[in-house]
Amino acid sequence: MTAAKKTKTVKKPRTKVICLSHMEDADGICAAALVREAHGGDSVLVDYPGMMPALEMVAQDEKLKTLIICDVGLAKNNQEKFVDILSGLRKKRVSITYIDHHDIDPEIVKKLEKAKIKVIHDTNECTTVQVYDAYKSKLSDHSSFIAACAAITDYMEDRPKGAKLLQIYDRQFALISATVLTYNIVGHQKDPDYLLYLVEVLSESKYPHEIPNSFEFAQIQVEKLAGMIAKVKKSLKTMKNLGYMEILDAGASGAVNFVLGLSGKEVGVAYKERVDHGIYAVSIRGSKSCKIHLGRLVNSLAAEFGGSGGGHDKACGAVIPKAKILAFVKELNSRLNQK
């Protein structure tokens, strides 16, 4: 009898590249598009409530070799778990880069860097501009236009790198392209396949106006927003330091600027129920005269109410449990008074 040969188990090489990016605005979509152009791979698009579940799912992929995370922001209630998951992936020799411009706890940045995670973080430039800057040797000339559009939509086209990119192009052409792209993204939040399609076509050096029906769909969104003005005037409520309103038939991010402007207050708050999660998605904007860093304030305050939040100095968001939304708004008004 001959001894049976032992079959050697050969592990399949890890080849998968994944970009996990924000799905709700042009900065996240454009960042994913530039990562795709530079590195190939797949995109996983998330909103803030779905970010951690998506990360946990991605982390279970045995073929994962490279993970690039863009524009997702962190909050007090998820930042430690975020570090733990990424640290676990690093132990499996997964290459990880985290690119963002939201306000981040410096201690979290130290923990990420200690785990050998590459952190590209600048609150002074939008995420896509930072992606462009990091990978421009692998990107086409057209990618600078995509980055300029993202800077416009995140109100960061006046920052040093964003402004330099915008100077390359006719300003009005860039403005209308950025606007059309934004309205297509906002209007397709319930259609993840379309958002992935946008990532793909933008990575192939297409302009927003070259995307089929993009202007027609933008017009539909504009008509909806025009109708929103009358609704805000009718339903807007105010406190001493802010205006606020529940949104029933549109996105909170699209209405919040109307709430801010029509309230005459320094801060505007719009919130919409996410029935599937039992929470309210909250958008918050500050006027030019607002001196408080709203992202930091909301990050801390949302955690106190069992939610999460954060963002920029004058534009941020939060996720708040449904039963606590009015208490959150009242406390936000109170904290604004203390600053």
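None of the values given here were measured: they were computed from a predicted structure.

**Q** Just to check I follow, could you spell out the nonpolar core for this structure?
**A** Note that soluble globular proteins tend to have their nonpolar side chains buried in a common cluster. In terms of nonpolar packing, the biggest core is built from 45 residues, with I29, V131, Y135 and L198 touching the most fellow members. Where this core is concerned, the elements lending two or more residues are α1 (26-39), β3 (64-70), α5 (127-135), α6 (143-153), α7 (160-166), α8 (171-186) and α9 (192-203). The greatest single-element share of this core, amounting to nine residues, is contributed by α1. Dropping the residues within four chain positions of it, I29 is found in contact with H22, M23, L45, I185, L195, L198, V199 and L202. Ranked by size, the runner-up nonpolar core spans 29 residues in total, among them A59, L74, L86 and I117.

**Q** How do you make sense of the packing of α6 against α8 when you look at a structure like this?
**A** The relative placement of two packed helices is expressed as an angle between their axes plus a distance between the axes. Relative orientation of the contacting elements α6 and α8 amounts to 75°, with a least axis distance of 9 Å. Taken as axis vectors, α6 and α8 run roughly perpendicular relative to one another. Mapping the contact onto sequence places F145, C149, I152 and T153 in α6 and F173, A174, L175, S177, A178 and T182 in α8. Its residues assigned to classes, the contact of α6 with α8 comprises seven nonpolar, three polar and no charged.

**Q** Which parts of the structure should I look at to understand the side chain of R285?
**A** Examined against the element boundaries, R285 turns out to sit in strand β9 (residues 279-286). In this structure, R285 is buried with no salt-bridge partner, the nearest side chain bearing the opposite charge being D25 at 7.3 Å. Of note is the side chain of R285, whose polar atom sits 3.5 Å from the backbone oxygen of C316. Setting aside anything within four residues of it in sequence, one finds R285 in contact with S253, V256, N257, L260, E266, V267, G268, L294, K314, A315 and C316.

**Q** How should I be thinking about the sheet that holds strand β8 (residues 267-274) in this particular structure?
**A** Remark on secondary structure: sheet strands pair via backbone hydrogen bonds, oriented parallel or antiparallel. Taken in spatial order, the six strands of this open sheet run β6-β7-β8-β9-β11-β10, and their pairing is mixed. Edge positions in the open sheet fall to β6 (237-238) and β10 (308-311), since each of these has one partner strand only. As defined by bridge partners, β10 adjoins strand β11 (residues 315-321) across four bridges and the pair is classed as antiparallel. Within β11, the position partnered with G311 by the bridge is C316.

**Q** Would you mind going over the packing of aromatic side chains with me for this structure?
**A** By convention here, two paired aromatic rings are described through the distance between centres and the angle between planes. Taken as a whole and assessed by the stated rule, the structure comprises eight aromatic pairs. Geometrically, the ring pair formed by F145 and F173 is stacked, given 5.2 Å between the ring centres and 25° between the ring planes. A residue pair is termed long-range when its members are at least 10 positions apart, and F145 in helix α6 and F173 in helix α8 qualify at 28 residues. Judged by relative accessible area, which is 27%, F173 ranks as partly exposed. Consider the rings of Y271 and Y280, whose centres lie 5.3 Å apart with planes at 90°: the pair is edge-to-face. Here the aromatic residues F145, Y169, F173 and Y207 are joined through ring pairs into a cluster of three or more.

**Q** Whenever I open this one, the pattern of salt bridges confuses me. Can you help?
**A** Any two side chains of opposite charge can pair, given that their charged atoms come close. Enumeration according to the criterion identifies 13 salt bridges in this entry. The salt bridge involving D47 is made with R274; its shortest N-O contact spans 2.8 Å. Remark: R274 occurs in strand β8 and D47 occurs in the loop between β2 (42-46) and α2 (51-59); sequence separation between them is 227 residues. Salt bridges sharing partners connect three or more residues here, namely D133, K136 and K161.

**Q** Looking at this structure, how should I read the confidence of the model for the chain?
**A** The predicted coordinates of low-pLDDT regions are not to be read in fine detail. When pLDDT is averaged along the chain, the result is 91; 94% of the residues meet or exceed 70. Counting contacts from residues 1-11, a segment whose pLDDT is below 50, to residues more than four positions away or on other chains yields zero contacts.

**Q** Whenever I open this one, α6 confuses me. Can you help?
**A** Because each turn of an α-helix spans 3.6 residues, side chains separated by three or four positions in sequence point in the same direction. In terms of burial, α6 is a largely internal element, 10 of the 11 residues being buried. For α6, every residue scored as buried is listed here: S143, S144, F145, I146, A147, A148, C149, A150, A151 and I152. The inward-facing, buried residues of α6 contact α1, α5, α7, α8 and α9. Positive backbone phi, approximately 55°, marks Y155, located one or two places after α6.

The rules behind these values
Residues numbered from 1 in each chain as written. Predicted model: local features only at pLDDT ≥ 70, side-chain atom pairs only at ≥ 80, totals over all residues. Heavy atoms only, no water. Core = buried A, V, L, I, M, F, W, Y, C linked by side-chain atoms within 4.5 Å. Buried < 20%, exposed > 50% of the residue type's maximum accessible area, 1.4 Å probe, protein only. Helix = DSSP H or I, 4+ residues; strand = E, 2+ residues; numbered from the N terminus. Contact = heavy atoms within 4.5 Å. Axes fitted to C-alpha atoms, helices over the stretch in contact; angles between N-to-C directions. Parallel < 35°, antiparallel > 145°, perpendicular 65-115°, else oblique. Nonpolar A, V, L, I, M, F, W, Y, C, P; charged D, E, K, R; others polar. Lys, Arg positive; Asp, Glu negative; His and termini not counted. Salt bridge = Lys/Arg side-chain N within 4 Å of Asp/Glu carboxyl O. Polar contact = N/O pair within 3.5 Å; in protein donor to acceptor, adjacent residues only side chain to side chain. Pairing = 2+ DSSP bridges. Phe/Tyr/Trp six-rings, centres within 6.5 Å; stacked < 30°, edge-to-face > 60°. pLDDT = per-residue confidence, 0-100.

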